[in-house]
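Analysis of the macromolecular model
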Amino acid sequence: MAALPPEAIARVDLFVNTRRMQRRLRAVLADGGAALLPRVRLITDLGQDAVMAGLPPAIPPLRRRLELTQLIGRLLDSDPDLAPRTAIYDLADSLATLMDEMQGEGVTPDAIARLDLSDHAVHWQRSLSFIRIVSGYFAPDQPPDAEARQRLVVERLTAAWAVAPPQHPVIVAGSTGSRGATALLMRAVADLPQGAVVLPGFDFDQPDAAWQALADAMTAEDHPQYRFRSLLDRLKAGPADVRTWHDTPPPSAARNRLVSLSLRPAPVTDQWLHEGPALGDLRAATDGLILIEAASPRQEALAIALCLRQVAEGTSFAALVTPDRTLARQVTAALDRWGIVPDDSAGRPLALSAPGRFLRHVSALIGRKLTAEGLLTLLKHPLTATGADRGLHLLTTRELELRLRKKGPQFPHGADLIAWAGPDPARLTWANWLAAAITRLDQPGPGALVDHVTRHLALAEVLAAGPGGTGTGRLWQGAAGAEAKAATEELSREATHGGTLTAADYADLFTAILNRRDVRETVQAHPRIMIWGTLEARVQGADLVILGGLNDGIWPARPAPDPWLNRQMRQNVGLLLPERQIGLSAHDYQQAIAAPQVILTRAARDAEAETVPSRWLNRLINLMTGLPDQTGPEALAAMRARGAVRLQMAAGLDVASALAPEKRPAPRPPIPARPRGLFVTEITRLIRDPYAIYAKHILRLRPLDPLLQPPDARERGLALHSILEQFIQRRPTETPDQARDRLMATADAVLLADIPWPAARRLWRARLDRLADWFLAEQAARPGHPVAMEKTGSVTLENPDFTLSARPDRIDEMKDGRLNILDYKTGAPPTPDAQRHFDKQLLLEAAMAERGAFAGLTGRTVAEIRYIGLTATPKVLATEMTPGLTDAVWQELIRLITRYQERDQGYASRRAVASRRFEGDYDHLARFGEWDDSDSPVPEDVG
């Protein structure tokens, strides 16, 4: 344009394939000073030209997917074995994607139906049943989808240009022509008198033999240059017809040749032997390369963050390029320690934003039984009650949570909340608001999508407003709120096409819709530190480029599974192969590694297993290793050495910032603060885990009851004790069969009243039913009769001053006046050795009974203690009380309590736990894990 007048450039039509590239080009052109700019347009904007008049608008993608959900739902109703109903929207989305591809590539359903696939009869018939239901959308009188309309637009534009070609320059830049409609446009532009196609990342170092090896898509689709081979074949051109756009030399031509050779197609990798020696000294080619092979993803992220921080101290630009969003988030978190916020182009999924989580949680509760956990998750969300007094809401929520944890119910209703609120006006107002809201969660059955959306959004806005609140709180505020609002408005517009769904299907549908949207919230990012996806990196540059996550499965990602057609089917009908995405990723890699300074990073392990290096990195390493005469091994060692320096810096940073590991605690509180009384069950805890006694009785910390109480061993034990207590207290004259019936009737009543889990009730009743005959026989054979059940007693020691309390399960009186003390165990009873050294509960209860601890039983001796194990294999473990045994146990107790009344005695954590797998209530407080069971306790005065 240099020799033309200034207004000539304004006539240029410049087509690009992404809005991001459109913005980038306009910014670069504007940086050149005041001038007229060309018309920079998106390829997808072609449909707005006047020549397209009369062409119907494209069907919104969401509408098409909603229509497909109905068709797939009806298909699954007639043949449920085809797929689970929970996959309806995913199948609709996948089928819509297949439709887009078929329309873009000009493939009709008839072409697929004509395939001869007798070897794949079962799978093929299943796929064909789905593909048949979309054949009607390919009829000429049907409104087109976006991809079909784009192809119609290109075909109409091409026909118009054939009659009257434009006389001004028309340029298509930055596209590889990987989609059929785009390739048609590029062919039409290339045929124009002033048309030009600018290809990104064309490899001029690739010889003709390698170019010829790209002819077969089945073996070459994953090569970075395959798309250009396919495009040039459509244009009836070859690599010789492609010329460089400008004469600016690349940052490292030698590196480009090395990478090009490493990426040769598989059939011609023998060229490494012939072309490798011509590369020269590889130390010069790799001078700007650093290879970081970290041991873990965290180490990789920290090393990357350090490299970016070094750049932030200067004036250059740096970018992390990775498709791994987890790695990007880890790097962002690592940079936060220096107050650096990178400019992250990807944002985050709308479904993971605050409005997205809130809306998803509300949708998941509709039509389902409300649990205490689900209710509190909703109440604690940062968007709930943001239109009212948020502080009062959080305070009331805390009080409700404590009530639900301690007393339930597991499945709260509005009436339960109002009853809990009582006469307190503020709390009652809050409870009435919440009760009215959760009443809307009831869903009688399947309903129209319109009704689901209306109910869902109305409930979400009520909950966001809060009690007495106005508006919708902060639900729709901010970038994420605006994006969520746009998503719900689109769903509302198209809901009439969604048919009838269950509440569960609606929740799955809504989540899938949110997952298709991203939100980028405005932050004050560092102007020279960027995080890009591979698409962003195509159109932008930086002084330092870090290619992160170079592991197979990440870069490149594994091809998405295709539920419809295999590779050969796709090849036969003219569709794209799954390796297309790998080829595009390889193209991005080949472009990005050509930057002035490049750091290649990977982690040798992830959270599960060892990783496999990216195939491109593996090829580069293998090629360099096999070229000793070109100093390949030395150059590779130098790359790794430069990376090792970064890893050492990261390790040093970890060491410098790490907190000193905690020692095994044994706190020594003041004597007056130590407990003056315990139950016998806690004596075992004092022996095995003294720190738990310190935390519970001195710090007065109590573990919170679980919000969603599982039907665990504790609940089963409580229920069983209640059943046996009620059964034994009533001892009418009855036959064994009558006793059995009464035992099971008692079990039914107790389980129904105390156990809210139907499945647990049935399982535990069946377990008791198997034990009933054994228990009744053991009961009938036992001498004596019960004189105390769950009766609390205590004994006070004089020196030291201490009260020991107990509540035995059962005490029987023998005919000779002596006592038997029994304890029911739903687990295995303690062994005799464990009773002698640790689990002294019954021995201490026997000693207490002989010392008059239990009213009405003074002056008695204990003949026997007995554990009754009610396990799958029931058994009785009895210990006869020999002379002096209870006295010896009592003296051991006095010595134990006396020792803990001395200032130098600490409450050690996990002193003598029964198993290393033992999980104590206070292990987290003692910071167990930072020290080991083999470490010695470190006494420390506290208080």
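Computed from a prediction, not measured in an experiment: that's the story for all the values here. (Residues numbered from 1 in each chain as written. Predicted model: local features only at pLDDT ≥ 70, side-chain atom pairs only at ≥ 80, totals over all residues. Heavy atoms only, no water.)

1. Side note on unusual backbone geometry
Put simply, glycine 408 and proline 409 share a cis peptide bond, and its omega is 5 degrees. With respect to the helices and strands, proline 409 occurs in the loop between helix H18 (390-407) and helix H19 (414-421). (Helix = DSSP H or I, 4+ residues; strand = E, 2+ residues; numbered from the N terminus.)

2. Details of the sheet that holds strand S16 (residues 677-679)
Strand order across the open sheet formed by three strands is S16-S19-S18, with mixed pairing between neighbours. The open sheet terminates on both sides in strands that have one partner only, identified here as S16 and strand S18 (793-797). For this sheet the average axis-to-axis angle between neighbouring strands, irrespective of direction, equals 20 degrees. As judged from the three bridges shared by S16 and strand S19 (residues 802-806), these two strands associate in the parallel manner. Residue pairing in the sheet places phenylalanine 679 in a bridge with serine 805 of S19. Along the sheet, helix H35 (residues 841-850) contacts S18 and S19; its crossing angle with S19, the most-contacted strand, is approximately 110 degrees. (Pairing = 2+ DSSP bridges. Axes fitted to C-alpha atoms, helices over the stretch in contact; angles between N-to-C directions. Contact = heavy atoms within 4.5 Å.)

3. Points about the side chain of arginine 674
Positionally, arginine 674 belongs in the loop between strand S15 (665-668) and S16. An unpaired buried charge is present at arginine 674: no salt bridge exists, and aspartate 941, the closest side chain of opposite charge, is 6.5 Å distant. A distance of 3.0 Å separates a polar side-chain atom of arginine 674 from the backbone oxygen of proline 669. Leave out the neighbours within four places in its chain, and arginine 674 touches Arg668, Pro669, Ile698, Tyr900, Gln901, Glu902, Arg903, Gln905 and Tyr907. (Buried < 20%, exposed > 50% of the residue type's maximum accessible area, 1.4 Å probe, protein only. Lys, Arg positive; Asp, Glu negative; His and termini not counted. Salt bridge = Lys/Arg side-chain N within 4 Å of Asp/Glu carboxyl O. Polar contact = N/O pair within 3.5 Å; in protein donor to acceptor, adjacent residues only side chain to side chain.)

4. Digging into the sheet that holds strand S12 (residues 529-532)
If you walk across this open sheet you meet the six strands as S5-S14-S13-S6-S12-S7, and the pairing is parallel. Each having just a single partner strand, strand S5 (289-294) and strand S7 (343-344) make up the two edges of the open sheet. In this fold helix H15 (residues 325-335) packs onto strand S6 (318-321), S7 and S12, with an angle of close to 165 degrees to the strand it touches most, S12.

5. What to know about the pattern of salt bridges
Counted according to the given criterion, the structure contains 48 salt bridges. Its salt-bridge partner being glutamate 892, residue lysine 840 comes within 3.0 Å of it at the nearest N-O pair. Taken together, the positions of lysine 840 in the loop between helix H34 (832-837) and H35 and glutamate 892 in helix H36 (residues 885-899) put the pair 52 residues apart, joining distant regions of the chain. The partner of glutamate 864 in a salt bridge is arginine 866, and the shortest N-O contact between them spans 2.8 Å. With respect to class, glutamate 864 is no different from arginine 866; both count as buried.

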